[in-house]
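Observations on chain architecture
In case you want the letters, here they are:
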Amino acid sequence: MAPRILLCGDVLGRCDALCKRLATVNKGNGPFDALLCVGQFFPNNIDGLDEMKHYIEGHKEFPLPTYFIGDFGEGVGSILSAAKLKSANEGFKMEGIPVCKNLYWLKGSGRFILHGLSIVYLAGRSPSGILNGVNLAEASPGIEHISGGNSEISELVEELKPRYHIAGSEGIFYSREPYANDGASHVTRFLGLAAVGNDKKEKFIHALSPVPASMMSVSELSARPPNSTPSPYKVEQPSFRSKDTKKRTETSDAPFWRYDVSKKRQRGGTEDGERLCFQFLSSGSCSRGESCKFRHDTDNKNPFSKGTCFDFISKGKCERGAECKFRHSSDDGGSSDLLPPGICFDFVKNGRCDKGDECRFSHDPDAGKKRRNTVSNTHQPCWFCLSSPNLDTHLVVSVGDNFYCALAKGPLVEEHVLIVPIEHLPSTLSLPSDADSELQRLKHALKRYFRKHGNAMIVFERYLNLRTANHAHLQVVPIPLSKASAVRSEFVKAGKKLGFDFDVIRPAGENDIDVRMSLKKILHGGMGYFFVELPEGTTLAHSLEPEEKMPIQFGREVLASLLGKTGQSDWRDCKYSKEDETSMAEDFKKRFEPFDPVQST
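1. Things to note about the overall build of the protein chain
Scanning the protein chain for helices and strands turns up 16 helices and 20 strands. By the burial criterion, 48% of the 601 residues in the protein chain qualify as buried. Surface exposure of the protein chain reaches about 30,200 Å², of which carbon and sulfur atoms provide 50%.

Below is the structure:
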């Protein structure tokens, strides 16, 4: 069931008026799960503090969990300082610092999960340019008085592409037409809320019941209302803007350019120091077309890809040099060869790396000789990126913060699952350590699910240090409990046939994060690796040596032999129709939902 959320504009310390309205709304249309307050929560003057203190001191209470942002107004220092001093509130709590019963302070900026919804918050003003593209003849009265807003908020919203964007502090209620997002199928709905108890009787409470994106089908998520407009951050300002306002909003061009590209600094630049269009350079096209004020670098036939240094592309050089974490698409002589992914840039450039054995990239002495142009490879759409048109979205069954879960295409068994990092990385061991805890929760949830259905769980990953930008994924295969004891011997025997012995990692307890730390040490620096997690908790790992060969389907071949399915060792021989795949995914999603950690957060 979709959560039911109430939204509120600036409270300004008027807690009695807010709670009275909440009681009415909750009684007539509730119950609601939470209230999110935007804008200024505290009063403008000391006279409004007495009313608020009745709630802070526990004489009165908010009728449902209430979250607020902003640390400005009267009484902020004493009230919030007292809340932070409580031992339970030590540290930075993105999900909110408890101030009193049912009242939580969302400090600064952050992100947390509320009833399955991803909530991003930031204390600040409304975005600049939100009225761009609005039909003023049909718009709400008074919107022309909205101030210029904040261009940095605009950039952030354009990058995040939220389904809903809620703001306050403008004094009026305004529901903008949904607008399209570049690079995303869903639309964004912007809502501006008035202050509580305002004299004009403008609406300050609004109800939503959004279904979490992880529970929506692709068609539902990408549905576009007929009154949708283009993104307000990609069109010109409305005609009623004054000259002063225009000066303020010129910063909305920020997403389109990043650097001065005068002739001295930019290859192929012009003498008048015109600026490059960032959107055109990064994607090969620009939504503004010929009306764009910035230069479209048509000489650049290959837009730079993720992980490429923008300084190097736009200026012809990078002042960070070997310190740069991104790829330089040309060597010092100006050729267009790319450094192969997975190779340490410092090691290739300088012949050494200060990180030594701690470096997670390969120190291959011949890497510099192996350079080749991989532009054509890096621009192939990925089969696993959530934003890729090649992704089989009908197989996706759960989406978390760092990983998503999908049924495998061409599965070995009916509930063969893939765990895929959302970020495009070549191996799961290259993920930041803070993602390991989420991975552990997901694996444990799958293990409990499979065990309930009489199965043991096998997890394996095969990584090769390829020049193409492969996207990591873990294979999760359930097998009958009766076969579990034979898994280890089957993999050991298969390894010996290929001429190697596995390293054995035994867990210290239920926490397998330590196991992954051990894997990173054992498998670090090689040309590739394979590891498999066995039902009893032991992990077998092998780091590939240069020139060592391992079958692409090694893990699957071993399990296929164990299960008596040798004819299904290649996924391409096990394909189902899209209709069957969709039905299988929907059935699995329903069965797994009680175990899914994404649904329980």
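2. Some details on the environment of Leu386
Locating Leu386 in the fold gives a position in the loop between helix 10 (375-378) and strand 13 (396-399). Since its relative accessible area comes to 34%, Leu386 is described here as partly exposed. Between the C-alpha atoms of Leu386 and Pro421, which are 35 residues apart in sequence, the distance is 9.7 Å. Not counting the four nearest positions on each side in its chain, Leu386 is found in contact with Leu391, Val399, Tyr404 and Ile422.

3. As for the packing of aromatic side chains
Aromatic rings in a pair are described by how distant their centres are and how their planes are angled relative to each other. Counted according to the given criterion, the structure contains 24 aromatic pairs. Note on Phe491 and Phe554: the rings are 6.2 Å apart at their centroids and 65 degrees apart in plane angle, and the pair reads as edge-to-face. Of this pair, Phe491 sits in helix 12 (residues 487-497) while Phe554 sits in helix 14 (residues 554-562), placing them 63 residues apart in sequence. Phe554 shares its class with Phe491; the two are buried. One aromatic cluster in this structure is built from Phe460, Phe491, Phe500, Phe502, Phe530 and Phe554.

4. Points about helix 2 (residues 49-56)
All buried positions along helix 2 are accounted for by Leu49, Met52 and Tyr55. Relative to the axis of helix 2, the buried residues are bounded by an arc of 115 degrees and lie together on one face. Buried residues belonging to helix 2 abut helix 1 (15-29), helix 3 (76-85) and strand 4 (97-100). In the segment just after helix 2, Gly58 is the residue with positive phi, at about 90 degrees.

5. Here's the deal with the side chain of Asp570
With respect to the secondary-structure elements, Asp570 resides in the loop between helix 14 and helix 15 (578-592). Apart from residues lying up to four places away in sequence, Asp570 is in contact with Gln553 and Arg556.

6. Observations regarding the pairing of strand 8 (residues 164-167)
The two faces of the sheet receive side chains in turn, since in a regular strand these alternate between them. Every second residue of strand 8 is oriented toward a common face, the buried set being His165 and Ala167 and the non-buried set Tyr164 and Ile166. Bridge count between strand 8 and strand 11 (residues 187-192): four bridges; the pairing is parallel. By the bridge assignment for strand 11, His165 is matched with Phe190.

7. Considering the sheet that holds strand 20 (residues 539-544)
Read from one edge of the open sheet, eight strands run 13-14-15-17-16-19-20-18, paired in antiparallel fashion. The sheet terminates laterally at strand 13 and strand 18 (503-505), the two strands that pair on one side only. On average, each strand axis in the sheet is inclined to that of its neighbour by 20 degrees, with strand direction left out of account. Here strand 13 runs beside strand 14 (residues 403-407); their pairing, made up of three bridges, is antiparallel. Its bridge partner being in strand 14, Val399 is matched across the sheet by Tyr404. Here helix 11 (residues 436-452) sits on the sheet in contact with strand 14, strand 15 (417-421), strand 16 (455-464), strand 17 (474-480) and strand 19 (528-533), set at roughly 140 degrees to strand 16. Against the sheet, helix 14 touches strand 16, strand 17 and strand 19, its axis set at about 150 degrees to strand 16.

8. With respect to helix 12
Helical geometry: 3.6 residues make up each α-helical turn, so side chains three or four residues apart lie on a common side. If you check which residues of helix 12 are buried, you get Val487, Glu490, Phe491, Ala494 and Gly495. Angular distribution of buried residues about the axis of helix 12 spans 130 degrees; they occupy a single face of the element. In the segment just after helix 12, Gly499 is the residue with positive phi, at about 95 degrees.

9. Thoughts on the sheet that holds strand 3 (residues 66-69)
Pairing within the open sheet is mixed, and its six strands lie in the order 4-5-3-2-1-12. The two strands at the open ends of the sheet, each matched to only one other strand, are strand 4 and strand 12 (205-208). Here the average twist between neighbouring strands, direction ignored, is 25 degrees. For strand 4 and strand 5 (residues 103-106), the ladder comprises three bridges, and the chain directions are antiparallel. Directly across from Pro98, in strand 5, lies its bridge partner Tyr104.

10. A short note on the pattern of salt bridges
Under the criterion given, the structure shown has 11 salt bridges. Across the pair Arg516 and Asp436 runs a salt bridge, and its minimum N-O distance is 3.1 Å. Linking Arg516 in helix 13 (residues 513-523) with Asp436 in helix 11, this pair joins segments that are 80 residues apart in sequence. With respect to burial, Arg516 and Asp436 carry one shared label: buried. Where Glu533 meets Lys443, a salt bridge forms, and the shortest distance between an N and an O atom there is 2.9 Å.

11. What to know about the state of the cysteines
Defined simply, a disulfide is a covalent bond joining two cysteines at their sulfur atoms. Following the criterion strictly, the structure yields zero disulfides and no others. Free of any disulfide, Cys37 has its nearest neighbouring cysteine sulfur in Cys8, separated by 4.4 Å. For Cys37, a relative accessible area of 5% corresponds to the buried category.

12. A closer look at the environment of Gly499
Mapped onto the elements, Gly499 comes out in the loop between helix 12 and strand 18. Note: C-alpha distance between Gly499 and Glu548 (49 residues apart in sequence) is 9.7 Å.

13. Here's the deal with a nonpolar patch on the surface
On the surface, Val120, Leu122, Leu156 and Leu160 cluster together into a nonpolar patch covering about 320 Å² of accessible area. Along the chain, Leu122 turns up in strand 7 (residues 117-122).

14. Overview of unusual backbone geometry
For Leu12, which is not a glycine, the phi torsion comes out positive at approximately 55 degrees. In this fold, Leu12 is placed in the loop between strand 1 (5-8) and helix 1. One non-glycine residue, Asn102, lies in positive phi territory at about 70 degrees. Among the secondary structure elements, Asn102 is positioned in the loop between strand 4 and strand 5. Exposure remark for Asn102: the relative accessible area of 17% places this residue in the buried category.

Criteria and thresholds
Residues numbered from 1 in each chain as written. Predicted model: local features only at pLDDT ≥ 70, side-chain atom pairs only at ≥ 80, totals over all residues. Heavy atoms only, no water. Helix = DSSP H or I, 4+ residues; strand = E, 2+ residues; numbered from the N terminus. Buried < 20%, exposed > 50% of the residue type's maximum accessible area, 1.4 Å probe, protein only. Areas by Shrake-Rupley, 256 points an atom, 1.4 Å probe, with all protein chains shown as cover. Contact = heavy atoms within 4.5 Å. Phe/Tyr/Trp six-rings, centres within 6.5 Å; stacked < 30°, edge-to-face > 60°. Arc of directions from axis to C-beta. Pairing = 2+ DSSP bridges. Axes fitted to C-alpha atoms, helices over the stretch in contact; angles between N-to-C directions. Salt bridge = Lys/Arg side-chain N within 4 Å of Asp/Glu carboxyl O. Disulfide = S-S within 2.5 Å. Patch = residues over 30% accessible without salt bridge, like charges linked within 9 Å, V, L, I, M, F, W, Y side chains within 5 Å.

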